[in-house]
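# Inside the fold
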Amino acid sequence: MTASKDEIFAGLRKIDTPTITNVVATYPKNPLCLGLYNPWTENWYTDTSIRCIYPEMGPVIGHAVTCVYGMPDPNYSGRLSFMDVIDALDAMPKPTILVIQQKWPPELMAKAGLAGEIMVTSMMSVGCIGLLSNGPSRDVDAIRKLDFQLLLGGVTAGHGEMAVQAVNVPVSVGGMDVAPGELIHMDENGAVKFPADRAAQVLQNAETMLAGEAEHLARLRAAKTAAEVRAAGGAYSAKPKA
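Residues numbered from 1 in each chain as written. Predicted model: local features only at pLDDT ≥ 70, side-chain atom pairs only at ≥ 80, totals over all residues. Heavy atoms only, no water.

## What to know about the packing of aromatic side chains
Evaluated as defined, the whole model comprises two aromatic pairs. Each member of the aromatic cluster is reached from another via a ring pair, and the members are Tyr37, Trp44 and Tyr45. (Phe/Tyr/Trp six-rings, centres within 6.5 Å; stacked < 30°, edge-to-face > 60°.)

## Topic: the pattern of salt bridges
Per the stated rule, a full pass over the model turns up one salt bridge. Measuring nitrogen to oxygen at the nearest pair gives 3.6 Å for the salt bridge that ties glutamate 182 to lysine 193. Here glutamate 182 is found in the loop between strand E10 (176-178) and strand E11 (183-187), whereas its partner lysine 193 is found in strand E12 (residues 190-194), with eleven residues between them in sequence. Overall, the relative accessible area of 16% leaves glutamate 182 in the buried class. The class for lysine 193 is buried, based on a relative accessible area of 9%. (Salt bridge = Lys/Arg side-chain N within 4 Å of Asp/Glu carboxyl O. Helix = DSSP H or I, 4+ residues; strand = E, 2+ residues; numbered from the N terminus. Buried < 20%, exposed > 50% of the residue type's maximum accessible area, 1.4 Å probe, protein only.)

## A look at helix H1 (residues 5-12)
Those residues of H1 not exposed but buried are Ile8, Phe9, Gly11 and Leu12. Looking down the long axis of H1, one finds its buried residues gathered within 160 degrees of arc, a one-sided arrangement. Among the structural elements, helix H2 (17-26), strand E2 (60-70), E11, E12 and helix H6 (199-222) are those in contact with the buried residues of H1. (Arc of directions from axis to C-beta. Contact = heavy atoms within 4.5 Å.)

Rendered as structure tokens:
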């Protein structure tokens, strides 16, 4: 019987993000790796500039809705607002993760505490379960109570006037390129993307990979010498067949 989307997403929420990256592209020679991206030359997971605010929450997964924020500009004045972001979240299959690329002058990049409790509460009302952004946000104490994940460039207390410059366009956040509708899986290790139509295969391969790793780890934990580590399959390779 084919699993439903809810069942697939529930399964993916039980798996850590590094395992998802292993299946998506990290080990292209592994038969369980889908090889969706070149691991080094394509931007498919986040770098160390991104901080998980609530590591205790565990993995989350959702469809990406994207937007760009920056300084007020007469070219954008009155054209877009945060309600356009809400409309985009409402129109996307659920659940969603909002991916905000913040574009500020260098002297302001670390000072724009963009999404606070009111913005997040508005987003949650239309099925959003997390935010990924290359810049800071604020109200993390209040948002902690909402079961809403934040992966950010940092935290700060305030901001000035700002403007939505684009909605549902390709963005780059924390070293990861994201297009609207792609799936984002994220936890305390960072975030990874992959096409929504590969979700079932990612889950199946990840579960198989974790089962194999559990057996490998059991052999390694029983090892007491380098020879026994080698016989158990070494640090990364599976146990050689007899």
